[in-house]
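Per-entry structural report
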Amino acid sequence: MAAAQANDKPGWRRVLAALGNRKAGFMLLFGFAAGLPYALLLGTLYAWLSDAEVDLETMGVFSLIGLAYAFKFLWSPALDRVDIPLLRRLGKRKQWIVTAQIMLGIFLVVLSTLNPQTALGWFSLLAGLGAFASATQDVVIDAWRVDVADEVATIDILSTVYQMGYRIAALVGGALALFLAERTSWPTVYLTMGAILLVVGIAGLFAPDTDASVIETNESDPHGLREAGQLSPRIRFMALGAVGLLWGWALITVGVFMVRSLASDPGARPDSVAFISTMGPLVVVATVVVPSLIAAWLVRIERKGTNLLKQAAPATSAADRMLDHLYRALVLPLTDFVGRLGWALVIVFALVLTYRITDAIWGSFAYPFYLGELQYTKDEVAVASKFFGVGALMLGLALGGYLLTVLGRMMTLTLGAFLAAATNLLYADLARGGAVMQAVSDASGFTWLVSELGGDPRLAKLMMAIAGENIAVGIAGAAFVAYLSSIVAKGYSAVQYALLSSLTLLVGTLGRGALGKMIEDQGYFDVFILTTLIGFFAVALCLVEWWRQSRLGKAAGVVAPGG
C-alpha cells in the first residue's frame, strides 16, 4: 500500500522518497566504488607512468587492460551461478561485490608500494588484476541494481543514483588524484584510494541484498529442467555444447592476446588495433549473435512442442547435474531474452549499439580538439571539462532522473538520444570559430561571469558547449542505464546486463580508427556533422522501441515497471 501511495506522489516527491531509501544510499556508494578504480587504472595511472618516464609503447600495452571491461560478459555466467565458499550467506550479489572491492583496495595499496621503473612486471600484473576485479565488480553491481529495485527505489532512480556515484568517483580518481599527487606523491595517492575502497568494501557488508537464490529442494533437478514438458536433455546438451565451444574459444582468444600483449619482448606483442578491429566483431558474433540464434531455435522447438520430455527424467549422475548448471548459466539467459522479446531483440541490439555512439567515438578526440585544434591551454581545458563539465554532467543526471519519473522511461530515452545527437552541433560551431556559442554566452551573461572570475572571455564559449553536451549526456546516460535495466530479468541479470553493456562499447571502439582518419582528411567540422546524423539513427530506433512497447504493453518483454 505504501508503495502504491509513493507512486501517486508528484515526480519530485517520488524522487526525494527514493533518495531517502536505504537501497539508493548503497547504490550511490556502489556507483562510486565502480567508478573509482576505472578512473585510477585507465586514466590517472598514465600520469604516474609519465612522471616515472615509462616509454609510450609500454603505456600503450597498459591500455589493453581496458579489454577486461569490454569483454566482462565472458565470465558473467560464473558470477550469476557460482558462490564463494564461506561467503554465500552475505547474499547472492553482495558476496562478489564485497570481495571485489576488498581485493581492489588491496591491489591499490600494494601498487602504491611499487616503483614502475624498477618493478614494471609486478606493476602491470597488479594493474591487470585490478582491472579484472573492477570489471567483475561492475557486472555484479549492475545485477544488484536490477535485483533490489522495487516500487520506491525504482530501477529508474537507482540507475540515476548509480551514475551520480560513478561520476563523483571519476572526479575523485581523476582531478582530485592529480591535485594530491602534485602536493604529495603518487604512492600516497594510490595508498589513499586503496584505503577508501577497503572502507567501501566493509560498508558494503551492511547493504541489502536480493533473495534471488531459490531454495533448491530437489537436488536432482534444481532448475526444473527435467520436468515433463521441458526440452529433452539431448537437445539441451547439443545447444550447450555449441554455445560452450563458442564462449570457450572467445575466452581463450582474448586471454592469449592479453598474455602476449603483456610479454616482456616488444617484438612479440600483437597489434592491438588489428585485434580489436578484426577479432572484436568475431568475438561478439561468437558469444552474442550465434548463441542468440541457437536460443531462438530452442524457443521455437519448445513452442512447437517437439523434442520435449513426456515425463520427468531426473538427473542420474553428478555429470548430468553439472551440465544442467552450465545450461542454466550459459543458455537460459539467452532463451529468456529471445522468449520475452522475440524478433524485437534485433531492435534492442541495434539501439544498444548506436545509442551512445556519438559520445563514445568522439570522446577519444576531445583533448586533441580542445588543445590542438582550438588552442586552449591545459589549465583551461581542465577547468572547463573536469570541474565545470562534471558539474554540468551531474546536473544532467539529476534532470534525467527527474524526467524519468515525470515523462516516463521511453520519452526520456528518446529525448536523451535527440539531445546527445544535437549537441554535437555545438562542437561543429566551435570547429568553425564558435560564433554562435560566443553569441549565446555573451547574451546570457555567462561571458561576463567567467571574466569576473578571472577567466578568459574566449573560454566562456568552450564552457558553454561543454555544459550543453554534458547536460545532454547526463540525461541520456540516466535514461539509457534505466532502459537496459528494465529489459533484464532478475534471474539472469548478471549475464544479460553484462552482454548489453559490453555491446555499447563495441561500435565506439571499432569506429575510432576510421574517425581519426576522417579528422585528418576532412577536419573536425565534418566529423561532428556525421556524429550528429548517426545520433539521429538512435533517435529513430528509440521511437520504434517506444511504439513497440506502447503497442504490446506487458507482452513487450519489459521486466521493470514504468516506462
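Quantities reported herein were computed from a predicted structural model and do not represent experimental measurements. (Residues numbered from 1 in each chain as written. Predicted model: local features only at pLDDT ≥ 70, side-chain atom pairs only at ≥ 80, totals over all residues. Heavy atoms only, no water.)

1. Focus: the overall build of the protein
For clarity, the threshold we go by: Put simply, DSSP H or I for four residues or longer makes a helix, DSSP E for two residues or longer makes a strand, and each gets a number counted from the N terminus. Note on exposure labels: buried denotes an accessible area under 20% of the residue type's maximum, exposed denotes more than 50%, and partly exposed covers the range between, all computed with a 1.4 Å probe on protein chains only. Any two residues whose heavy atoms approach within 4.5 Å are treated as being in contact. Note on areas: Shrake-Rupley, 1.4 Å probe, and residue coverage restricted to the protein chains presented here.
In terms of helices and strands, the protein carries 25 helices and zero strands. The 563 residues of the protein split such that 53% are buried. In the protein, the proportion of contacts linking residues at least 24 apart, taken out of those at least 6 apart, comes to 82%. Surface summary for the protein: the accessible area is close to 24100 Å², and the carbon and sulfur share equals 67%.

2. Some words on the environment of Gly342
Looking at the secondary structure, you find Gly342 in the loop between α14 (332-341) and α15 (344-355). Taking relative accessible area as the criterion, Gly342 reaches 31% and is therefore assigned partly exposed.

3. Thoughts on a nonpolar patch on the surface
Spelled out, the test is: Patches here are clusters of residues that have more than 30% relative accessible area and form no salt bridge, with a 9 Å joining cutoff for like charges and a 5 Å cutoff for nonpolar side chains (Val, Leu, Ile, Met, Phe, Trp, Tyr). Between Lys or Arg on one side and Asp or Glu on the other, a salt bridge is scored when a side-chain nitrogen of the former is within 4 Å of a carboxyl oxygen of the latter.
On the surface, Leu399, Tyr402, Val406, Leu407, Met411, Leu415, Phe418, Leu533 and Phe536 cluster together into a nonpolar patch covering about 730 Å² of accessible area. At the level of secondary structure, the elements contributing two or more residues to the nonpolar patch comprise α18 (378-406), α19 (409-422) and α25 (524-552). With respect to the element layout, Met411 can be found in helix α19. On the basis of relative accessible area, Met411 is assigned to the partly exposed category, the value being 33%.

4. What to know about α18
This is how the line gets drawn: In this analysis, the expected span of each helix is defined as 1.5 Å times one less than the number of residues it contains. Note that the bend at a residue is defined as the angle between axes fitted to the seven residues ending at it and the seven residues starting at it.
Between its first and last C-alpha atoms α18 spans 40 Å; for 29 residues at 1.5 Å apiece the expected length is 42 Å, and the two agree. Of all the bends in α18, the largest measures some 40 degrees and sits at Gly389. Looking one or two residues beyond α18, the residue adopting positive phi is Gly408, at roughly 100 degrees.

5. Details of the environment of Met464
Position of Met464 relative to the elements: it lies in helix α23 (residues 457-486). Classification of Met464 by relative accessible area gives buried; the value is 19%. Here the alpha-carbon distance between Met464 and Val440, two residues 24 residues apart in the chain, equals 8.2 Å. With residues up to four places along the chain from it excluded, the contact list for Met464 reads Met437, Val440, Ser441, Ser444 and Phe446.

6. Comments concerning the packing of aromatic side chains
Aromatic ring pairs are defined here through the distance separating the ring centres and the angle between the ring planes. Filter applied, for reference: Here a Phe, Tyr or Trp ring, Trp counted by its six-membered ring, pairs with any other such ring whose centre lies within 6.5 Å, and the pair is stacked when the planes are under 30 degrees apart, edge-to-face when over 60, and tilted otherwise.
Taken as a whole and judged by the stated rule, the model has 21 aromatic pairs. Arranged with centres 4.6 Å apart and planes meeting at 35 degrees, the rings of Trp75 and Phe132 form a pair that is tilted. You can see Trp75 sitting in the loop between α5 (67-70) and α6 (76-81) and its partner Phe132 sitting in helix α8 (residues 120-148), a full 57 residues away along the chain. Looking at Phe132, the relative accessible area reads 41%, which means it is partly exposed. Ring plane angle 50 degrees and centroid distance 6.1 Å describe the contact between Phe369 and Tyr370, whose orientation is recorded as tilted.

7. Section: the packing of α18 against α23
Any two packed helices are characterised by the angle at which their axes cross and by the distance between the axes. We count it as follows: Simply put, an axis is a line fit to the C-alpha atoms, just over the touching stretch for a helix, and the angle between two N-to-C directions goes from 0 to 180 degrees. Left-handed is the label given to a crossing in which the near helix is rotated counterclockwise from the far helix by less than a right angle, and right-handed is the label when the rotation is clockwise. Each residue gets one of three labels, nonpolar for Ala, Val, Leu, Ile, Met, Phe, Trp, Tyr, Cys and Pro, charged for Asp, Glu, Lys and Arg, and polar for the others, Gly among them.
Orientation of α18 relative to α23, taken along the N-to-C sense of each, is 35 degrees, at an axis distance of 6 Å. Classified by chirality, the crossing of α23 by α18 is right-handed. In terms of residue class, the contact of α18 with α23 is built from 21 nonpolar, seven polar and two charged.

8. Topic: the pattern of salt bridges
By the definition in use, this model includes ten salt bridges. In this structure, Arg93 and Asp147 form a salt bridge, with 2.7 Å as the shortest nitrogen-oxygen distance. Of this pair, Arg93 sits in the loop between α6 and α7 (94-111) while Asp147 sits in helix α8, and the two are 54 residues apart along the sequence. For the residue pair Arg93 and Asp147, the accessibility class agrees, reading buried in each case.

9. Quick word on the nonpolar core
Just so we agree on the cut-off: What makes a nonpolar core is a set of buried Ala, Val, Leu, Ile, Met, Phe, Trp, Tyr and Cys residues whose side-chain atoms join them at distances within 4.5 Å.
Counting residues in hydrophobic clusters, the biggest one holds 130 residues, and the most contacted among them are Tyr190, Leu298, Leu413 and Leu500. Per-element accounting of this core gives the leading share, 14 residues, to helix α3 (residues 22-51). The residues contacting Leu413, other than those within four sequence positions of it, are Leu351, Tyr355, Ala479, Phe480, Tyr483 and Cys542. Among the nonpolar cores identified, the runner-up in size contains 27 residues, and Tyr376, Phe446, Val450 and Phe528 belong to it.

10. Describing the packing of helix α17 (residues 366-373) against α18
Note the following rule: For this classification, under 35 degrees means roughly parallel, over 145 means roughly antiparallel, 65 to 115 means roughly perpendicular, and everything else is oblique.
At their nearest, the axes of α17 and α18 sit 10 Å apart, and the two run at 140 degrees to each other. Looking at the two axes, α17 sits oblique to α18. For the pair α17 and α18, the sense of crossing is right-handed. Here α17 contributes Tyr367, Tyr370 and Leu371 to the contact with α18, which in turn contributes Lys378, Val381, Ser385 and Lys386. Classifying every residue of the contact of α17 with α18 by side-chain character gives four nonpolar, one polar and two charged.

11. Digging into the side chain of Ser159
Inspection of the secondary structure assignment puts Ser159 in helix α9 (residues 155-183). Setting aside residues up to four positions removed in sequence, Ser159 forms contacts with Arg145, Ala478, Val481, Ala482 and Ser485.

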